[in-house]
Amino acid sequence: MPCADEPLLLTPGPLTTARRVKERMLRDWGSRDEAFVRLNREVLDRLTALVGGSGMVTVPMQGSGSFAVEAMLGSFVPPSGRLLVCVNGAYGQRMAEMARRHGRQVAVLVQPEDQPTDVAALDRMLETDPAISHVAVVHCETTSGILNPLPDVAATAARHRRSLLVDAMSAFGALPLDAGTVPFTAVAASANKCLEGVPGLGFVIARREALAACTGHAPALCLDLPAQHLAMEQTGQWRFTPPTHVIAALHQALLDHEAEGGQPGRLRRYRENCRILVDGMRALGFQTLLPDALQAPIIVTFRLPADPAFDFGRFYDALRRRGFAIYPGKLTAAPSFRIGCIGALGPTEMRAAVQAVADALDELGLRLSTAA
Ligand SMILES: Cc1ncc(COP(=O)(O)O)c(C=O)c1O
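Keep in mind that this is a model prediction, so the values were computed, not measured. (Residues numbered from 1 in each chain as written. Predicted model: local features only at pLDDT ≥ 70, side-chain atom pairs only at ≥ 80, totals over all residues. Heavy atoms only, no water.)

1. Comments concerning the site of the ligand
Around the ligand lies a shell formed by Ser64, Gly65, Ser66, Tyr91, Arg94, Val138, Cys140, Thr142, Asp167, Met169, Ser170 and Lys193. Within the backbone of Gly65, a nitrogen or oxygen atom sits 2.9 Å from an oxygen atom of the ligand. In the environment of the ligand, a nitrogen atom lies 2.6 Å from a nitrogen or oxygen atom belonging to the side chain of Asp167. Only helix H3 (65-76) and helix H4 (90-101) provide two or more residues apiece to the shell around the ligand. Of the residues in the shell around the ligand, the class split is four nonpolar, five polar and three charged. (Near = heavy atom within 4 Å. Polar contact = N/O pair within 3.5 Å; in protein donor to acceptor, adjacent residues only side chain to side chain. Helix = DSSP H or I, 4+ residues; strand = E, 2+ residues; numbered from the N terminus. Nonpolar A, V, L, I, M, F, W, Y, C, P; charged D, E, K, R; others polar.)

Structure representation (structure tokens):
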């Protein structure tokens, strides 16, 4: 149960992880040792299998999730390419910024943070701008928690014969993504979101021929995906020091993911977490930013209550003392805060979180209006 010393993390990450996942980090691994090479291979094969497998390959990347996203954009978009980024939050913005830093031409399809990617507008942009070679989209835009219509975006890009690069950081392993039915070129994600491993490792799952075809594009030595892949295929080893403990923890996390029923099983738990959170918070008088139809069961944005007596800092501290860490808002427009429903958490923890919110409001002497 939650305690102030080791709070449960109701955030977009780092996330709460299971004890058995953390315990896998208690031994050291030689990076060139046969046992580690085997473990690493199994982790990569399991990741590839999560998107359906056939014709796909996983390339791991040291660092946080952004390193994997940056490696994906830098490796796949050639110097002569033009990237169209669908932006409805901070992570879409970040992709556009990365590609500009790489010196690539960038176009953006910008939408408000509470609206999903407009597929008809994407279709028009691809129709009228033949120079666009690649499209990038965020599957679940964690800024607000909105679910973007990835299958429709992918079908539109494919109809116009453009490559699709997906940032599925906060969705991978929980929301469905099948390479056999969704035509994407590459997807970036990380160990420490819905897979419930520990932070320090990202990865890109790509179509094998597309990866081979982008050799030489990457503007950075370390973030060169085809080079990373080639070295691993030839030697079984990483080019530079691998995060060995993180990979061992991810191995355990992937076994647990499978035991839970894979992606559908994980989604089921997160949906239930999200339902308990949203129902409980609404009953206390909080309002969600998004209508339920647009809300991914990953992280929920709540509007800051209009009551001038509500102070987010004091609210945060009151929850933190009760063993829960939440997150401030990241929206550019509406004042808000966020509570995550992913990580090694279930209904018991989510009910306890809602109770902690009720107790925090009492402590602050606040009673919010529950009128619709
Ligand atoms: C959709 C999305 N993309 C990218 C990132 C960046 O990941 P990191 O903070 O691990 O670099 C995040 C982090 O929450 C995210 O949610």
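2. What about the sheet that holds strand E13 (residues 327-328)?
Within the open sheet, the three strands sit side by side as E11-E14-E13. Their pairing is antiparallel. The strands lining the two open edges of the sheet, one partner per strand, are strand E11 (299-303) and E13. Relative to strand E14 (residues 336-340), E11 runs antiparallel, the two being bridged by five bridges. Residue pairing for E14: Val300 is matched across the bridge by Ile339. (Pairing = 2+ DSSP bridges.)

3. Topic: the nonpolar core
One finds Leu47, Leu164, Phe172, Phe184 and Leu250 to be the most contacted residues of the largest nonpolar core, which totals 49 residues. By residue number, the principal contributor to this core is helix H9 (residues 244-259), which donates seven residues. When neighbours within four sequence positions are excluded, Leu164 is seen to be in contact with Val135, Val137, Leu150, Val153, Ala154, Ala157, Pro183, Phe184, Thr185 and Ala186. Of all hydrophobic cores here, the second largest spans 31 residues; its members include Ala71, Met95, Ala136 and Leu211. (Core = buried A, V, L, I, M, F, W, Y, C linked by side-chain atoms within 4.5 Å. Buried < 20%, exposed > 50% of the residue type's maximum accessible area, 1.4 Å probe, protein only. Contact = heavy atoms within 4.5 Å.)

4. Considering the side chain of Arg82
As for its placement among the helices and strands, Arg82 is situated in strand E3 (residues 82-87). Non-local contacts of Arg82, meaning those with residues more than four positions away in its chain, are made with Val77, Gln105, Val106, Ala107, Asp129, Ala131, Ile132, Ser133 and His134.

5. Here we look at the sheet that holds E3
Spatially, the seven strands line up as an open sheet ordered E2-E10-E9-E8-E5-E3-E4, and their pairing is mixed. On the outer flanks of this sheet lie strand E2 (56-62) and strand E4 (105-110), each paired with one strand and no other. On average, each strand axis in the sheet is tilted by 20° relative to the strand beside it, whichever way the strands run. Looking at chain direction, strand E9 (residues 186-190) and strand E10 (residues 201-207) are connected through five bridges and run antiparallel. Bridging from a neighbouring strand, Ser190 pairs with Gly202 of E10. (Axes fitted to C-alpha atoms, helices over the stretch in contact; angles between N-to-C directions.)

6. Details of H4
The end-to-end C-alpha distance of H4, which contains twelve residues, comes to 16 Å, matching closely the 16 Å that a straight helix rising 1.5 Å per residue would cover. Of all the positions in H4, only Tyr91, Gly92, Met95, Ala96, Met98 and Ala99 are classed as buried. Considered in projection along H4, the buried side chains sweep an arc of 160° and stay on one side of the axis. Elements that come into contact with the buried residues of H4 comprise H3, E3, E4, strand E5 (134-138), strand E6 (140-141) and strand E8 (163-167). Downstream of H4 by a residue or two, Gly103 has a phi angle that is positive, lying close to 80°. (Expected span 1.5 Å × (residues − 1). Arc of directions from axis to C-beta.)

7. Some words on the domain arrangement of the protein chain
By a widely used convention, the size of an interface equals the accessible area lost when the partners come together. Domain boundaries in the protein chain define domain 1 (8-15 + 262-363) and domain 2 (19-258). Centre-to-centre, using C-alpha coordinates, domain 1 lies 27 Å away from domain 2. At the interface, 27 residues of domain 1 touch 27 residues of domain 2. Summing both partners gives a buried area of about 2,200 Å² for domain 1 against domain 2, and 57% of it is carried by carbon and sulfur. Along the contact surface separating domain 1 from domain 2 lie two salt bridges. A salt bridge links Arg266 to Glu196, with the nearest nitrogen and oxygen atoms 3.8 Å apart. Linking domain 1 with domain 2 are 13 residue pairs in polar contact (both at pLDDT 80 or more), by the criterion used here. Counting only elements with at least two residues in the side of domain 1 that touches domain 2, the list comes to helix H10 (262-283) and E11. It is H10 that contributes the most residues to the side of domain 1 that touches domain 2, six residues altogether. For the side of domain 1 that touches domain 2, a count of residues per class yields 16 nonpolar, seven polar and four charged. (Domains from an automatic or database assignment. Buried area = accessible area lost by both parts, 1.4 Å probe. Salt bridge = Lys/Arg side-chain N within 4 Å of Asp/Glu carboxyl O.)

8. Things to note about the pattern of salt bridges
What the rule picks out here adds up to 18 salt bridges. Glu97 is the salt-bridge partner of Arg101, the closest N and O atoms lying 3.3 Å from each other. Here Arg101 pairs with Glu97, and both are found in helix H4, just four residues apart, close to one helical turn. Owing to a relative accessible area of 67%, Arg101 belongs among the exposed residues under this scheme. When its relative accessible area of 36% is taken as the criterion, Glu97 is described as partly exposed. The shortest N-O distance in the salt bridge between Glu260 and Arg266 comes to 2.8 Å. Residue classification places Glu260 among the partly exposed residues on the basis of a relative accessible area of 24%.

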